[in-house]
Amino acid sequence: MNRFEPRIEVAVARVRADVARLHKLLVRGGLTNWTSGVVSGRVPGADLFVIKPGGLDHTDLAPDNMVLVDLDGSVVEGTPGSERRPSRGVALHAQLYRHSDAIGGIVHTHSPYATAFALRGEPVPVLSTTVADEFGGPVPLVPFVNAEADVASAIAGSLDAQPSRAVLLERHGVYAVGERPRDAVRAAVLVEDAARAVQLARATGADIRPLDAHDVETIRARRLHADAARRRVQRDAESAPAGSYPTSRPGNARSGGETGSWTTPGSTSSTPTTTSASRHSERNDREDEEVGSRHDHGRRDARARRMLRPRGRRFR
Ligand SMILES: O=C(CO)[C@@H](O)[C@H](O)COP(=O)(O)O
């Protein structure tokens, strides 16, 4: 029996499928293992979100055992998965969703390189243009606090204070948020990539200075400008009658148009139509392949270290 109006039932089903699928991507991408790590996704148009059940191996996660909860973190009884307990992170996720309507997805991982920075108590610095582009500055460190409610407030405070959608939680791991769950997963993947790259570059003994603030700012502004342009093209394409051509081109975007949002390229927040739903699934497949191809970090890192090793110097 349906509990919600059809529109919401459809949205819940889609978020269940997305959240279950994204957990598998976290494992394939080497970001998490066994039962560790959590993805959740807000149900557009309702005060609800979907989160993984606690203690279940990632290989057993499926749309129907995801747990539907309200924004207080209470399980919606009588829905699929409601016989299980939600992930231990449920209260923290609920607090972040209540904190900001812009948060549509949350991911928590203990991905190894980023967690190594969190354990050292060090933000991931902006050594590369990629970090400037994606995060608009260092991936910040949220100082260690113990009580769960304080952890959520500390993460929310950090998200409000700087542009990065990902943060390192000292002594623990990574939290990332996004407009949709897959945007949050993307941020978590990129944090791990960035942390690994910094680690490998430093392992040569090189003292690499962070990019200067002006360069970071202009790189980030360029990215936000391009994102805004892409969204305009996408909106035009989605609203154009069949057979017509969209009028916007990436170069036509107004500067400063939609800067400051967490939208990443290709993302839309509206409830998709059938046409955009099929585009959504094509994009998912493409991005899934990208994440899946990161599965062999060990071999890739060994190769990178060989390439980076200075001649005549022992590599530690
Ligand atoms: O961060 C932690 C534990 O340190 C948790 O979030 C686990 O990563 C997942 O817990 P369950 O989802 O199994 O309750």
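Figured I'd write up the structure that's included with this text. (Residues numbered from 1 in each chain as written. Predicted model: local features only at pLDDT ≥ 70, side-chain atom pairs only at ≥ 80, totals over all residues. Heavy atoms only, no water.)

Things to note about the site of the ligand
Close contacts around the ligand come from 13 residues, with Gly37, Lys52, Gly55, Ser87 and Arg88 the closest. Within the side chain of Arg85, an N or O atom sits 3.3 Å from an oxygen atom of the ligand. His108 is positioned with one of its side-chain polar atoms (N or O) 3.0 Å from an oxygen atom of the ligand. For the ligand, whose unbound accessible area comes to 380 Å², protein coverage reaches 84%. In this structure, the ligand is accommodated by the largest pocket. For the shell around the ligand, a count of residues per class yields one nonpolar, nine polar and three charged. (Near = heavy atom within 4 Å. Polar contact = N/O pair within 3.5 Å; in protein donor to acceptor, adjacent residues only side chain to side chain. Areas by Shrake-Rupley, 256 points an atom, 1.4 Å probe, with all protein chains shown as cover. 1 Å grid on protein atoms, 1.4 Å probe; cavity = no way out; pocket = protein on both sides within 12 Å on 5 of 7 lines; lining within 4 Å. Sits in = over half its atoms within 2 Å of the grid points. Nonpolar A, V, L, I, M, F, W, Y, C, P; charged D, E, K, R; others polar.)

Quick word on the nonpolar core
Counting residues in hydrophobic clusters, the biggest one holds 48 residues, and the most contacted among them are Val43, Val124, Phe135, Leu168 and Val191. At the level of secondary structure, the elements contributing two or more residues to this core comprise α1 (6–28), β2 (48–51), α3 (112–120), α4 (129–135), β6 (166–169), β7 (173–178), α6 (181–202) and α7 (213–239). The element contributing the most residues to this core is α6, with ten residues. Among all residues touching Phe135, those that are not within four sequence positions of it are Pro163, Ser164, Arg165, Ala166, Ala187, Leu190, Val191 and Arg220. (Core = buried A, V, L, I, M, F, W, Y, C linked by side-chain atoms within 4.5 Å. Buried < 20%, exposed > 50% of the residue type's maximum accessible area, 1.4 Å probe, protein only. Helix = DSSP H or I, 4+ residues; strand = E, 2+ residues; numbered from the N terminus. Contact = heavy atoms within 4.5 Å.)

Here's the deal with α1
With 23 residues, α1 should cover 33 Å at 1.5 Å per step; its first-to-last C-alpha distance of 33 Å lies within 8% of that length. For α1, the full list of buried residues reads Ile8, Ala11, Val12, Val15, Arg16, Asp18, Val19, Ala20, Leu22, His23, Leu25 and Leu26. Following α1 by one or two positions, Gly30 adopts a phi angle in the positive range, close to 75°. (Expected span 1.5 Å × (residues − 1).)

Considering the pairing of strand β1 (residues 38–42)
Within β1, five of the five residues are buried, which leaves the element mostly enclosed by the surrounding structure. Burial along β1 is two-sided: the face carrying Val38, Ser40 and Arg42 and the face carrying Val39 and Gly41 are both buried. Where β1 meets β2, three bridges bridge the pair, whose relative direction is antiparallel. Across the sheet, Ser40 pairs through a bridge with Ile51, a residue of β2. With antiparallel pairing between neighbouring strands as the criterion, β1 and β2 make up a hairpin whose turn holds five residues, including Gly45 at a positive phi of roughly 85°. (Pairing = 2+ DSSP bridges.)

Examining the sheet that holds strand β4 (residues 105–109)
One open sheet holds the seven strands; their spatial order is β3-β2-β1-β4-β7-β6-β5, and the pairing between them is mixed. The open sheet has two edge strands, β3 (67–70) and β5 (141–142), and neither has a second partner. Direction of pairing for β4 relative to β7: antiparallel, over a ladder of five bridges. Each residue of the ladder has a partner; that of His108, found in β7, is Tyr175. Here α1 sits on the sheet and contacts β1, β2, β3 and β4; the angle it forms with β1, its principal contact strand, is near 160°. The strands that helix α2 (residues 90–99) touches are β1, β2, β3, β4 and β7; relative to β2, the one it contacts most, it runs at about 145°. (Axes fitted to C-alpha atoms, helices over the stretch in contact; angles between N-to-C directions.)

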